[in-house]
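Report on the structure
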Amino acid sequence: MKAPNLHLNLLHASERQSSSPVRLRVMLPIFAALACVGCLVWWGVLAGQLMLVKAQSASIRQDLAAKKAAHGGILREMTAERETQAELDQLTMYAHGRRTYGNLFKQFAEVVPEGVQVLALEIPEPPVQNLLPPGAKPGPKVKPLLGPTNTVEGVTLRIIGRTVKETPVETMMKALEEPAFTNALVIAKDVPAEQASPRIRSFHQDTSPSSDGARLLAFDIEYRCTERRFEK
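Here's a quick rundown of the structure. (Residues numbered from 1 in each chain as written. Predicted model: local features only at pLDDT ≥ 70, side-chain atom pairs only at ≥ 80, totals over all residues. Heavy atoms only, no water.)

**With respect to the overall build of the protein chain**
Assigned secondary structure in the protein chain consists of four helices and five strands. The order of helices and strands in the protein chain, counted from the N terminus, is α-α-β-β-α-α-β-β-β. The long-range fraction of contacts in the protein chain, counting pairs at least 24 apart against all pairs at least 6 apart in sequence, stands at 70%. Surface accessibility of the protein chain: about 17700 Å² in total, with carbon and sulfur atoms responsible for 60%. (Helix = DSSP H or I, 4+ residues; strand = E, 2+ residues; numbered from the N terminus. Contact = heavy atoms within 4.5 Å. Areas by Shrake-Rupley, 256 points an atom, 1.4 Å probe, with all protein chains shown as cover.)

**Focus: the environment of Phe 203**
For Phe 203, the position within the fold is in strand E4 (residues 199-205). The partly exposed category is assigned to Phe 203, whose relative accessible area is 30%. For the pair formed by Phe 203 and Gly 161, sequence separation is 42 residues and the distance between their alpha carbons is 9.8 Å. In contact with Phe 203, not counting residues within four places along its chain, are Thr 163, Glu 166, Val 169, Leu 217, Ala 218 and Phe 219. (Buried < 20%, exposed > 50% of the residue type's maximum accessible area, 1.4 Å probe, protein only.)

**Points about the nonpolar core**
Among the nonpolar cores identified, the biggest contains 18 residues, and Ile 159, Leu 185 and Tyr 223 are the most heavily contacted of them. Those elements giving two or more residues to this core turn out to be helix H2 (102-111), strand E2 (152-163), helix H3 (166-175) and strand E5 (217-229). Residue contributions to this core peak at four residues, all from E5. When neighbours within four sequence positions are excluded, Tyr 223 is seen to be in contact with Val 155, Thr 156, Leu 157, Ile 159, Met 173, Leu 176, Leu 185, Val 186, Ile 187, Ser 197 and Pro 198. (Core = buried A, V, L, I, M, F, W, Y, C linked by side-chain atoms within 4.5 Å.)

**Details of the side chain of Asp 206**
As for its position among the elements, Asp 206 is in the loop between E4 and E5. Taking the relative accessible area as the measure of exposure, Asp 206 reaches 10% and is therefore buried. There is a polar contact of 3.1 Å between the side chain of Asp 206 and the side chain of Arg 162. Aside from chain neighbours lying at most four places away, what touches Asp 206 is Arg 162, Arg 215, Leu 216, Leu 217 and Ala 218. (Polar contact = N/O pair within 3.5 Å; in protein donor to acceptor, adjacent residues only side chain to side chain.)

**Looking at the environment of Asn 150**
Within the secondary structure, Asn 150 sits in the loop between strand E1 (116-122) and E2. You can call Asn 150 partly exposed: its relative accessible area is 41%. Here the alpha-carbon distance between Asn 150 and Arg 229, two residues 79 residues apart in the chain, equals 9.1 Å.

**A word on the pairing of E2**
In terms of strand pairing, E1 meets E2 through six bridges, oriented antiparallel. Opposite Val 118, over in E2, you have Gly 161 as the bridge partner. Sheet topology places E2 next to E5; 11 bridges connect them, and they run antiparallel. Paired with Glu 153 across the two strands is Arg 228, which belongs to E5. (Pairing = 2+ DSSP bridges.)

**Brief notes about unusual backbone geometry**
Look at the link from Ser 197 to Pro 198: it is a cis peptide, with omega at 5°. Note on placement: Pro 198 falls in the loop between strand E3 (185-186) and E4.

**Notes on the pattern of salt bridges**
Pairs may arise between side chains of opposite charge once their charged atoms sit close together. Enumeration over the complete set of coordinates arrives at 13 salt bridges. For Arg 228, the salt bridge is made with Glu 153, and the minimal N-O distance between the two is 2.7 Å. Of this pair, Arg 228 sits in strand E5 while Glu 153 sits in strand E2, and the two are 75 residues apart along the sequence. Exposure remark for Arg 228: the relative accessible area of 16% places this residue in the buried category. As a salt-bridge pair, Glu 177 and Lys 189 come within 2.6 Å of each other at their nearest N and O atoms. Within this pair, whereas Glu 177 is found in the loop between H3 and helix H4 (179-182), its partner Lys 189 is found in the loop between E3 and E4, the two being separated by 12 residues in sequence. Residue class for Lys 189 comes out exposed when judged on its relative accessible area of 53%. Sharing partners across several salt bridges, the network here consists of Arg 158, Arg 199, Arg 201, Asp 220 and Glu 222. (Salt bridge = Lys/Arg side-chain N within 4 Å of Asp/Glu carboxyl O.)

Right under this line is the structure:
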């Protein structure tokens with residue numbers, strides 16, 4: 001006779017578990033542990049990078065401090081070079097604006113006719129150059145400019161003398177209109193009186209008689225010369 005199969009349930013209700021092979025209460029601690037390990041690794045990497053950056057920053061600061069003095073010296077040399085170049089440019093402009101009148105006086109002596117006595121040939125001194133910066137007032141702390149701001153300077157020639165009559169003076173003035181003189185003297189007649197060249201400043205009876213007792217005419221004639229141009 002066959003014995004019947006017995007099915008006994010020996011588990012309490014509190015001991016019954018899910019039939020799922022992966023249990024959540026087992027996996028949660030594992031995930032939490034892995035997350036903690038990952039955070040620790042990440043923080044370690046960040047800490048290493050931060051230390052590396054700080055080391056590089058300190059090295060760069062030391063390098064900048066070491067080069068600061070040299071950089072200051074280079075800046076001073078650059079400033080000195082600019083100032084020296086500016087001075088050279090001004091000297092070049094002065095050299096280009098230079099005018100010589102020795103040859104003019106030599107040729108003038110050859111065209112003075114008889115009957116004319118030249119008492120003086122004058123090229124007046126140019127006005128004092130204003131080397132103050134624009135808007136500045138004179139003072140011990142004001143640094144003057146290297147040269148004038150205007151690039152053109154007018155020049156005049158005055159011929160002062162005496163003559164027995166007007167004709168020799170007219171002959172002399174006519175001779176000064178020749179090409180040999182026009183490179184130095186400006187001839188401008190059809191212009192306003194204040195711009196005319198030559199300009200007769202005076203032509204009158206001289207008060208002092210000549211050695212032979214004759215009365216002479218005194219004249220004062222002004223010519224504009226080729227202007228000085230301060231350009232490179």
